[in-house]
Each structure stands twice: as C-alpha cells, then as structure tokens.
Amino acid sequence: QVQLVESGGGLVQPGDSLKLSCTASGHTLSGYGMGWFRQAPGKEREFVAGIRRNSVGIYYADSVKGRFTISRSNTKNTVYLQMNSLKPDDTAVYYCAATRAIMSTPMTRGASYNYWGQGTQVTVSS
C-alpha cells in the first residue's frame, strides 16, 4: 500500500505563493501517476493537476493553468505543486493521490486514483 503525506500548506495573502509536497512513505512512486485535488468549503472535490509516470503527460484544471505547476522527483518519491498568484478561491484542503496509470487512464478523474493523502490546508485571505 502506498502511504502519502502532504505538506506545505498554510495561510497566505492573495498573490502569494506556496509549494506543496507529497511524499510516499517507504514506497517508490516511479510506477505511479500522481495528481492533486482540492476541496473547498461547500464545494465538491475538484481536480487541480496531474502528472503521469516519467512526466509523459501533464494536466491542469483551467482554473489553475498558468499559475500552478506540478512536478515530480521519483528519486525522492515526491510530487510537488508550485502555486503562484494565489487567489481566495484557491482556499481549500489539497490532497495528493497516486494511480497505477496507463496512457488510457483519465488523470483528471478522482476515481482513477488508488491512494490518497490526508490533505493539507491552504488558506488565501487578506
């Protein structure tokens, strides 16, 4: 079983940046596709960004495209989400997830992922 732990969340002002990390405990992520999802109060969980194994495919939600960057380090068993130009609407609990993805796997769907972290809170407020 893959165990995922997110870190890097916090309270920031609009326009600030944060970098989230998601690290697997005792497992290599080289064979997994990775994704970031978020859930804001009163809203459904939504896809944020995804990256396939070997970074052969990278995907972003329209709401974060151009502001967020997903990357991975297989040697560190870590996936990152660099978040720039943060907006109040970005406030949410952010979750990372892992999937044994193949090219036909839709990376934007939560059902495609087998393992989930516990989440880290990101709050964007003046």
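Not measured: the values here are computed from a predicted model. (Residues numbered from 1 in each chain as written. Predicted model: local features only at pLDDT ≥ 70, side-chain atom pairs only at ≥ 80, totals over all residues. Heavy atoms only, no water.)

*Asks:* Quick one: what's the story with the overall build of the protein, residue by residue and with numbers?
*Replies:* The helix and strand tally for the protein stands at 0 helices and 11 strands. Its C-alpha radius of gyration of 13 Å places the protein within 12% of the 14 Å reference for a compact globule of 126 residues. Dimensions of the protein along its principal axes, counting C-alpha atoms only, are 40 × 25 × 25 Å. Sorting the 126 residues of the protein into buried and exposed places 46% on the buried side. Summed over its atoms, the accessible surface of the protein is roughly 6,400 Å², and 45% of this surface lies on carbon and sulfur atoms. The positive charge centre, built from 13 side chains, and the negative charge centre, built from 7, are 11 Å apart in the protein. (Helix = DSSP H or I, 4+ residues; strand = E, 2+ residues; numbered from the N terminus. Rg over C-alpha atoms; globule rule 2.2 N^0.38 Å. Buried < 20%, exposed > 50% of the residue type's maximum accessible area, 1.4 Å probe, protein only. Areas by Shrake-Rupley, 256 points an atom, 1.4 Å probe, with all protein chains shown as cover. Lys, Arg positive; Asp, Glu negative; His and termini not counted. Charge placed at Lys NZ, Arg CZ, Asp CG, Glu CD.)

*Asks:* Can you explain the packing of aromatic side chains? Please cite residues and give values.
*Replies:* The final tally for this structure, using the stated rule, is 5 aromatic pairs. Ring pairs connect the aromatic residues Phe-37, Phe-47, Tyr-113 and Trp-116, which therefore count as one cluster. Residue placement shows Lys-19 over the ring face of Tyr-80; its charged tip is 4.6 Å from the ring centre. One residue, Arg-45, lies across the ring of Phe-37, its end atom 5.6 Å from the ring centre. (Phe/Tyr/Trp six-rings, centres within 6.5 Å; stacked < 30°, edge-to-face > 60°. Lys NZ or Arg CZ within 6 Å of the ring centre and 35° of its normal.)

*Asks:* Give a description of unusual backbone geometry that names residues and reports values.
*Replies:* Even without a glycine there, the phi angle at Asn-54 is positive, about 60°. Positionally, Asn-54 belongs in the loop between strand S5 (46–51) and strand S6 (58–60). Non-glycine residue Ser-55 carries a positive phi angle of around 60°. Among the structural elements, Ser-55 can be located in the loop between S5 and S6. Judged by its relative accessible area of 36%, Ser-55 is partly exposed.

*Asks:* Help me get a handle on the environment of Ser-25, residues and values and all.
*Replies:* Looking at the element boundaries, Ser-25 is found in the loop between strand S3 (18–24) and strand S4 (33–39). For Ser-25 and Val-122, which are 97 residues apart along the polypeptide, the C-alpha to C-alpha distance reads 22 Å.

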